[in-house]
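Analysis of the macromolecular model
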Amino acid sequence: MARDERSVTPQSEDFSAWYNDVVFRAELVDRGPVRGSMVIRPYGYRIWELLQADLDRRIKETGHQNAYFPLLIPQSYMEREAEHVEGFAPELFTVTRAGGKELDEPLVIRPTSETIIGEMMAKWISSHRDLPLLLNQWGNVLRWEMRPRMFLRTSEFLWQEGHTAHATAADATAETMLALGFYQDVAVQVAAMATVPGEKTPRERFAGAERTFTIEGMMRDGRALQAGTSHFMGTNFAAAFGITYTSEGGTAEFCHTTSWGMSTRMVGGLIMTHGDDKGLVLPPAVAPYQVVIVPIGRDEQAETTLAAAKDLAAALRRAGIRTHVDDRPQLSPGFKFNDWEMRGVPIRLEIGPRDLAAGTALMSRRLGYPQSGAAKEAIPLDLAPDLLAAELAAFQAQLAQRAADFRADHTAVVNSWPEFAAAVASGWALALQCGEQACEDEIKAETTATPRCIPLEGEAEQGRCIRCGKPSAYGKRVIFARAY
Ligand SMILES: [Zn+2]
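My aim in this report is to walk through the structure given alongside it, one point at a time.

About the criteria used
- Residues numbered from 1 in each chain as written.
- Predicted model: local features only at pLDDT ≥ 70, side-chain atom pairs only at ≥ 80, totals over all residues.
- Heavy atoms only, no water.
- Helix = DSSP H or I, 4+ residues; strand = E, 2+ residues; numbered from the N terminus.
- Rg over C-alpha atoms; globule rule 2.2 N^0.38 Å.
- Buried < 20%, exposed > 50% of the residue type's maximum accessible area, 1.4 Å probe, protein only.
- Contact = heavy atoms within 4.5 Å.
- Donors = N, O, S within 2.8 Å, 3.2 Å for Na, K, Ca; no water.
- Tetrahedral: all angles 85-135°; square planar, octahedral: opposite > 155°, others 65-115°.
- Pairing = 2+ DSSP bridges.
- Axes fitted to C-alpha atoms, helices over the stretch in contact; angles between N-to-C directions.
- Disulfide = S-S within 2.5 Å.
- Arc of directions from axis to C-beta.
- Parallel < 35°, antiparallel > 145°, perpendicular 65-115°, else oblique.
- Left-handed = near helix turned anticlockwise from the far one by under 90°.
- Nonpolar A, V, L, I, M, F, W, Y, C, P; charged D, E, K, R; others polar.
- Phe/Tyr/Trp six-rings, centres within 6.5 Å; stacked < 30°, edge-to-face > 60°.
- Polar contact = N/O pair within 3.5 Å; in protein donor to acceptor, adjacent residues only side chain to side chain.

**As for the overall build of the protein**
A count of helices and strands for the protein gives 14 helices and 23 strands. Here the protein has a C-alpha radius of gyration of 25 Å; the compact-globule value for 484 residues is 23 Å, and the two agree. The principal-axis extents of the C-alpha atoms in the protein amount to approximately 80 × 55 × 50 Å. Within the span of the protein, comprising 484 residues, buried residues form 51% of the whole. A separation threshold of at least 6 residues defines the contact pool for the protein, and within that pool the share at least 24 residues apart is 69%.

Listed below in structure tokens is the structure:
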């Protein structure tokens, strides 16, 4: 059977084809000319801007300041922290020529900015009175990507990177957890995801970090997606870059530093958390259009309903609701309904001549009306701003609850290898594990699952490794899953 041009591959048939259909047909992205590059189109960029605005507010409210550091970094900077250079070497873009000549020292395009910011911190910090230094940068980074996927893995991506320096390990640890809290709050409250905050196991740590924390979200195919990370560097970067301060007692001490980032990957995460077989489903907090109004009618009636749609849109905008009127004359209402459904708009309103005469509009929710089973509901035009504000809040809450229920339904506490294998085939396994690399490798080879995090909220527990039977590590159960 030929599939409608506008429809998307069902998730159950091929989740990754579904994802590609959605990101291109909803006009979120296009392919760039260079392998692994991504053009973010206006509809996709607006989602990012809305996430960004919320996160930026949280960052500033807690005393951090935005700054901007150069894209090009001397190669020697990258080499100062041994683990850092080793971790990033395979992904680096290096510039060897400029101005028509070979450069004396190659330059790398930042894959992350610890090194250049570390260099500046060393210059700017001298006394304990200069601490803490709380910086954030919004920008782009480049990391060579072998298997690119839009939003999830692209060679260039947008993000913020927080970089802070503190007098004590305790202060830097508190900062690491504060930033993790930003990400968890943005993910849950704004993106309506059901992310789990936790600590990475040693092997999954950021290159050069002493401890790495993450939020992990569950996608609708049961895989995990790392949606934000926060790193406690100890004094590793301070030692490599000479970030020191004079203490109150007059001694020279190394600072303790942190870094933390959230990227455009988050857009991919919310797509795969909420989308369904009809396409995107957008949480109202990040929807470029929260409400789309489709005026219906021919000839003179069309003029009347279009004018009414514009008046309604103006009233909704005054109430702070992002509203769009679809006045494309060449397209049928049916086409428009399908189009906005595929593009994930939370609420659609239709206004036809009969609705207008009755002083109403017909409202459809992107996920239908689960209680009544009705497809549409008439709402009075004069009450529309208040009704829709309430409806959008309810829709946001419904998505968050649905994501939390989905995660709970697809997470299993497992105590045997067969249970483990079954759990990670369709979701997450909470398991005890020995923490040894060879054992992790075996688990990965057999199931493709890897340790995602040790949940912060997990209860203390000891026992035998799910795979090899040796005593368990970490003192808690670990989330294992197949991951993006
Ligand atoms: Zn083991």
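**Let's talk about the coordination of the zinc ion**
Those protein atoms acting as donors to the zinc ion are C434 (SG), C439 (SG), C465 (SG) and C468 (SG), and they sit at 2.2 to 2.3 Å. Coordination geometry of the zinc ion: the four donor atoms subtend angles of 104 to 120° at the metal centre, consistent with an arrangement described as tetrahedral. All donor residues of the zinc ion come from one chain, and their arrangement in sequence is C-x4-C-x25-C-x2-C. Remark: C468 occurs in the loop between strand 22 (450–455) and strand 23 (478–481) and C434 occurs in the loop between strand 21 (428–431) and helix 14 (437–447); sequence separation between them is 34 residues. Its relative accessible area of 38% is what places C468 among the partly exposed residues.

**Some thoughts on helix 10 (residues 333–342)**
Each α-helix winds once per 3.6 residues, and so residues spaced three or four apart point in a common direction. Among the residues of helix 10, those classed as buried are K336, F337, D339, W340 and M342. Along its buried surface, helix 10 packs onto helix 1 (15–25), strand 15 (291–295), strand 16 (323–325) and strand 17 (347–351). G344 sits one or two positions beyond helix 10 and adopts a positive phi of about 80°.

**Concerning the sheet that holds strand 21**
Pairing is mixed across the open sheet formed by eleven strands, whose spatial order is 3-7-8-14-11-10-9-22-23-21-20. Edge positions in the sheet fall to strand 3 (65–66) and strand 20 (411–413), since each of these pairs with one other strand and no more. Judged from the eight bridges that link them, strand 8 (residues 156–166) and strand 14 (residues 256–263) form a sheet pairing that is antiparallel. Paired with Q160 across the bridge in strand 14 is M262. Sheet strands in contact with helix 8 (residues 265–274) are strand 10 (211–218), strand 11 (224–234) and strand 14, and its direction is about 145° off that of strand 11.

**Comments concerning unusual backbone geometry**
Cis geometry is adopted by the peptide bond preceding P132, which originates at L131 and carries an omega value of -5°. With respect to the helices and strands, the residue P132 is situated in the loop between helix 5 (114–124) and strand 7 (133–142). Within the chain, F151 stands out as a residue other than glycine whose phi angle is a positive 65°. For F151, the position within the fold is in the loop between strand 7 and strand 8. When its relative accessible area of 2% is taken as the criterion, F151 is described as buried.

**Focus: the pairing of strand 23**
Side chains V478 and F480 of strand 23 all project onto a buried face; the interleaved residues I479 and A481 project onto the opposite face, where all are buried too. Two elements, strand 21 and strand 23, share three bridges in a ladder whose sense is antiparallel. Opposite A429, over in strand 23, you have F480 as the bridge partner.

**Here we look at the state of the cysteines**
Going through the model one piece at a time under the given rule, you end up with zero disulfides. No disulfide involves C453; its sulfur sits 17 Å from that of C465, the nearest cysteine. When its relative accessible area of 0% is taken as the criterion, C453 is described as buried.

**A word on helix 14**
The complete set of buried residues in helix 14 reads C439, E440, I443 and T447. Along the axis of helix 14, the buried residues cluster in a sector spanning 100°; they form a single face. Residues of helix 14 that are exposed and point more than 90 degrees away from the buried face comprise A438 and A445. Summarising the contacts, the buried residues of helix 14 are in contact with helix 13 (417–426), strand 22 and strand 23. Backbone geometry just downstream of helix 14 places T448 in the positive-phi region, at approximately 65°.

**Quick word on the packing of helix 2 (residues 42–61) against helix 6 (residues 169–190)**
Running from N to C, helix 2 and helix 6 point in directions that differ by 140°, and their axes come no closer than 10 Å. Viewed along their axes, helix 2 and helix 6 adopt a mutual orientation that is oblique. In the packing of helix 2 onto helix 6, the handedness of the crossing is right-handed. Contact residues: L51, D54, L55, R58 and I59 in helix 2; F182, Y183, D185, V186, Q189 and V190 in helix 6. When the residues that make up the contact of helix 2 with helix 6 are grouped by side-chain class, the tally is seven nonpolar, one polar and three charged.

**Side note on the packing of aromatic side chains**
For the structure on display, the rule yields twelve aromatic pairs. Geometrically, the ring pair formed by F157 and W159 is edge-to-face, given 5.7 Å between the ring centres and 90° between the ring planes. Both residues of the pair, F157 and W159, count as buried. When the ring of W417 is compared with that of F420, the centres are 5.0 Å apart and the planes differ by 10°; the resulting orientation is stacked.

**Some words on the environment of V8**
Position of V8 among the secondary structure elements: in the segment before helix 1. Each C-alpha atom of the pair V8 and V190 lies 26 Å from the other, and the pair is 182 residues apart in sequence.

**Points about the side chain of T214**
By the element assignment, T214 lies in strand 10. Looking at T214, its side chain comes within polar contact range of the side chain of E216, at 2.9 Å. Other than its neighbours up to four places away in sequence, T214 contacts L180, V196, P197, G198, K200, Q226, G228, T229, R452 and C453.

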